[in-house]
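Chain residues, written in single-letter form:
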Amino acid sequence: MKRQKTGIAAAVSPGKKQSLMGKLYNQRQLLLLALPGILLVFIFKYIPIYGILISFKDYSAAKGVWGSDWLNPIWENFSRFFKNVNSGQIIWNTFKVGAMTLLFTFPTPIIFALLLNELKGKWYKKTVQTISYLPHFISVVVICSMLNGFGSTTGLFNDIREFFGLARVDMNSGGTYFLLEYVGSAVWQGVGWGSIIYLAALSNVDTTLYDVANIDGANRWQKIKNIAWPTIRPTTTILLIMNVGTVMNADFTKILLMQNDTNRSQLDTISTFVYQKGIVEGQFSYSTAVNLFLSVICFILVFGTNAITRKLDPDNSLW
Amino acid sequence: MAKTYKTKRKNRIHYGSWAFDIILVIFMAAVSIVFIYPFLNVLSVSLSSNRMISTGQVTFFPRELMVEGYKMLFEEQNIWRAYLNTVIIAVGATLVNLVCTSMLAYAMMMPDFILKKFLTIALLITMFFGGGTVPTYLLIQNLHLMDSWWSLILPNAVSAYNVFVYRSFYKGISPEIREAARIDGASDIKILTKIYVPLSKALYATFGLFSIVGVWNSYYEALLYIKNPDMQPIQMILRKIVFATGLSSMSNAQQMIGNGVMNKLNVQYACVVATVAPVLIIYPFLQKYFAQGMQVGAVKG
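Residues numbered from 1 in each chain as written. Chains lettered and ligands numbered in written order. Predicted model: local features only at pLDDT ≥ 70, side-chain atom pairs only at ≥ 80, totals over all residues.

## Observations regarding the overall build of chain B
Applicable threshold: Strands here mean DSSP runs of E at least two residues long; helices mean DSSP runs of H or I at least four residues long; both are numbered from the N terminus. As a reference, a globule follows 2.2 Å times the number of residues to the power 0.38, and the radius of gyration itself is taken over C-alpha atoms. The burial label depends on the number of other C-beta atoms within 10 Å of a residue's C-beta. Counts of 20 or more mean buried, 12 or fewer mean exposed, and intermediate counts mean partly exposed, with C-beta atoms placed from the backbone. Whether two residues are in contact depends on their C-beta atoms, placed from the backbone: they are in contact if these lie within 7 Å.
Each helix and strand in chain B was counted, giving 15 helices and zero strands. Since a compact globule built from 301 residues should have a radius of gyration of about 19 Å, the 26 Å found for chain B marks it as more spread out than a globular shape. Expressed along its principal axes, the backbone C-alpha trace of chain B runs to roughly 85 × 75 × 35 Å. Per-residue burial for chain B yields a buried fraction of 39% across its 301 residues. Sequence-distant contacts in chain B: of pairs separated by 6 or more residues, those separated by 24 or more amount to 72%.

Listed below in structure tokens is the structure:
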């Protein structure tokens, strides 16, 4: 800031007393550069936010968002959702899928990074890393296509079950096995990629700490516990806050692919319900209302976890 | 006495540490196999005979080599067309993304830019709150972008996260260079294109590759906005063949499956391979740039 006001910069950039119009004129090039981005954000991010209004309205395409009639009572769509016999199940499913995903996809990259960090041999370590990132770049449709075979009654999972003398089950029909498949594939995809950020933090560790620990005769576990773990703890806290906020926002495109008419009720989450009601059945207002309910929960979760962290550990909160 | 105790303990630790290393090497090898096996298995199954697939004998390598699955796939589905569509969408989206994000981030980097604060807040809000599926769908409908590739290119072209990362990257470029150029009479547009863009090649390579892979891998937007079967990207073809009626509409393939010559997995996994192969081809490039990208991303925090 200071530099801007001295010397040549001050002569070129607008001074303090310049009028708004003069400032705008001086920055016309910057404004021009920013314009396409501003337009895209305004049109594709803000107009849909404005469109949320239809959750309180009886939307008709002819009348538009503003012209459509208000519902009476205004919260009719929300009470309709809560009166739906399945809404409890849907909310529970959303939470269950999200919580289980978080429970397993959050710690695994940390453990993986700590173990990789202990691995001796640069070439070997690098090879394992490269291989571990690979699943991250695979699309959700490909993952689900693989799961379709893996979880079928003749798939690998059931071959393993049979080897241990267990009966074959169809994982894709819903229930606990589907959850296992869903979470397992998420771990498989995310563990390597997720470890990058922790490995980056670990590479900054002061090596003299390890030298001192060696002189003191610390064992491997002690070194992990007292040197490596404290190094990545701040990163862990920040990522945990960010992830808790998304607990109700699990990747529904995966569920959407694996849903069919026989397992729909078991696999329905809020987001797939929104898709089904809104896009498939054309109940725009109702669907938007249910989505708004989800957005508000997510919003509260993000800000709630951040507020708690700020109390407990002010240095590591997001803002 | 104390001394002997200490040496003994040290020896034990070394022994334990050595065992730990061995176990870790073996464990990591096993983990690597878990990461790779699904790819190998899909490739092998796509190339094996029905007899071997249905008796569950295909694991790491193809058994009784058969390429019929690929033949049927490329004969009865317009895979080349889907490739072309996906490339157009991916390149288009990436170009719009890079150009608009750079320009916006450059303007927002300027300390005295008049909209700096306003735009920062406006972008932050979009990180935590959005309109959702239906309002966006209605917007695309109202803009008459249904069945247009713009519906896949424009909505996610500018993301708040990217703008913030670009901005922090640009901030890392010494402002003296900018000021010197300004003395020479260079305009902002010139400074951006002649100084900032050449100095940000690593940034563009990383985010460009991410964008291309991201678009290549997405299906949801196409499911919502593209109804015309000739305009579908590759992921939608795969979805159709594995999860919808795509396979049953392939009459020759159906016949071969009915005869027991071919397994439905031959076609389905051939399509998986066709979908994944391009990503695996550019993987070495991704590999090279993403470590940089992660560091750039971390600067933001």
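Once the structure has been displayed, the description carries forward.
## A short note on the overall build of chain A
Helix and strand counts for chain A stand at 17 helices and two strands. The C-alpha radius of gyration of chain A comes to 26 Å, more than 25% above the 20 Å expected for a compact globule of 319 residues. Seen along its three principal axes, the alpha-carbon backbone of chain A occupies a region of about 70 × 70 × 35 Å. Relative to its full complement of 319 residues, chain A shows a buried share of 35%. Put simply, 63% of the contacts in chain A that link residues at least 6 apart link residues at least 24 apart.

## A word on the confidence of the model for chain B
Residue and element names in this part refer to chain B. Cut-off, in case you're wondering: Residue-level confidence of the predictor is summarised by pLDDT, bounded by 0 at the bottom and 100 at the top.
Residues with a pLDDT of 70 or more make up 91% of chain B, whose mean pLDDT is 83. Note on residues 1-11: pLDDT under 50 across the span, and two contacts to partners over four residues away in sequence or across chains. Listed scores for the predicted complex are pTM 0.82 and ipTM 0.83.

## Overview of the nonpolar core
Within soluble globular proteins, side chains that are nonpolar tend to cluster in buried spots. Here is the rule we go by: Throughout this description, the term nonpolar core refers to a group of buried Ala, Val, Leu, Ile, Met, Phe, Trp, Tyr and Cys residues whose C-beta atoms join them within 7 Å.
Counting residues in hydrophobic clusters, the biggest one holds 122 residues, and the most contacted among them are L104, Y106, A107, L238 and C271 of chain B. No other element matches helix α4 (residues 79-109) of chain B, which puts 14 residues into this core. Not counting residues within four places of it along the chain, the set of residues in contact with A107 of chain B comprises L30, L33 and A34 of chain A together with F113 of chain B. A113, W188, I197 and I232 of chain A belong to the second-largest nonpolar core, a separate cluster that totals 13 residues.

## Here's the deal with helix α16 (residues 270-280) of chain A
With eight of eleven residues buried, α16 of chain A is to be regarded as a mostly interior element. If you check which residues of α16 of chain A are buried, you get I270, S271, T272, F273, V274, Y275, K277 and G278 of chain A. Close packing links the buried residues of α16 of chain A with α6 (87-105), α14 (252-258) and α17 (284-312) of chain A together with α6 (133-142) of chain B. Taken from the residues just after α16 of chain A, G282 of chain A is the one with a positive phi, measuring 70°.

## Overview of the interface of chain B and chain A
To be explicit about the condition: Residues are grouped as follows: Ala, Val, Leu, Ile, Met, Phe, Trp, Tyr, Cys and Pro are nonpolar; Asp, Glu, Lys and Arg are charged; every other residue, Gly included, is polar.
Chain B puts 77 residues into the contact, and the matching count from chain A is 69 residues. In terms of residues, the side of chain B that touches chain A owes the most to one element, helix α1 (residues 2-46) of chain B, which gives 14 residues. Split into classes, the residues belonging to the side of chain B that touches chain A amount to 50 nonpolar, 19 polar and eight charged.

## With respect to the environment of F44 of chain A
With respect to the secondary-structure elements, F44 of chain A resides in helix α3 (residues 28-51). In sequence terms F44 of chain A and F284 of chain A are 240 residues apart; their C-alpha atoms lie 18 Å from each other.

## Describing the packing of α6 of chain A against helix α11 (residues 175-203) of chain A
Residue and element names in this part refer to chain A. Formally: Helix axes are fitted only over the stretch in contact, all axes being lines through C-alpha atoms; the angle between N-to-C directions runs from 0 to 180 degrees. Note that the term roughly parallel is reserved for angles under 35 degrees, roughly antiparallel for angles over 145, roughly perpendicular for angles of 65 to 115, and oblique for everything else. In this scheme, a crossing is called left-handed if the near helix is turned counterclockwise away from the far one by less than a right angle; it is called right-handed if the turn is clockwise.
Packing of α6 against α11 brings their axes to within 9 Å, and their N-to-C directions diverge by 40°. Viewed along their axes, α6 and α11 adopt a mutual orientation that is oblique. Between α6 and α11 lies a crossing whose hand is right-handed. On α11, the residues that touch V97, M100, T101, F104 and T105 of α6 are L179, Y182, V183, A186, V187 and G190. Residue composition of the contact of α6 with α11, grouped by class: eight nonpolar, three polar and no charged.

## Topic: unusual backbone geometry
Put simply, N72 of chain A and P73 of chain A share a cis peptide bond, and its omega is -5°. For P73 of chain A, the location among the structural elements is in the loop between β2 (69-70) and α5 (76-83). In this structure, D147 of chain B takes a positive phi of about 60° despite not being glycine. Here D147 of chain B lies in the loop between α6 and α7 (150-153).

## As for the environment of V96 of chain B
If you trace the backbone, V96 of chain B turns up in helix α4. With near-sequence residues (within four places) excluded, V96 of chain B lies in contact with I153, L154 and A157 of chain B.

## Observations concerning the environment of L104 of chain B
Tracing the chain through its elements places L104 of chain B in helix α4. Judged by local crowding, L104 of chain B falls into the buried class, with 27 C-beta atoms found within 10 Å. Distance from L104 of chain B to Y166 of chain B, taken between C-alpha atoms, is 9.2 Å for residues 62 residues apart in sequence. Setting aside residues up to four positions removed in sequence, L104 of chain B forms contacts with A34, G37 and I38 of chain A together with V158 and V163 of chain B.

## Looking at the confidence of the model for chain A
For chain A, per-residue confidence averages 83 on the pLDDT scale, and residues scoring 70 or more make up 93% of the total. Scored below 50 in pLDDT, residues 1-15 of chain A makes 19 contacts in the model with residues more than four places away or belonging to other chains.

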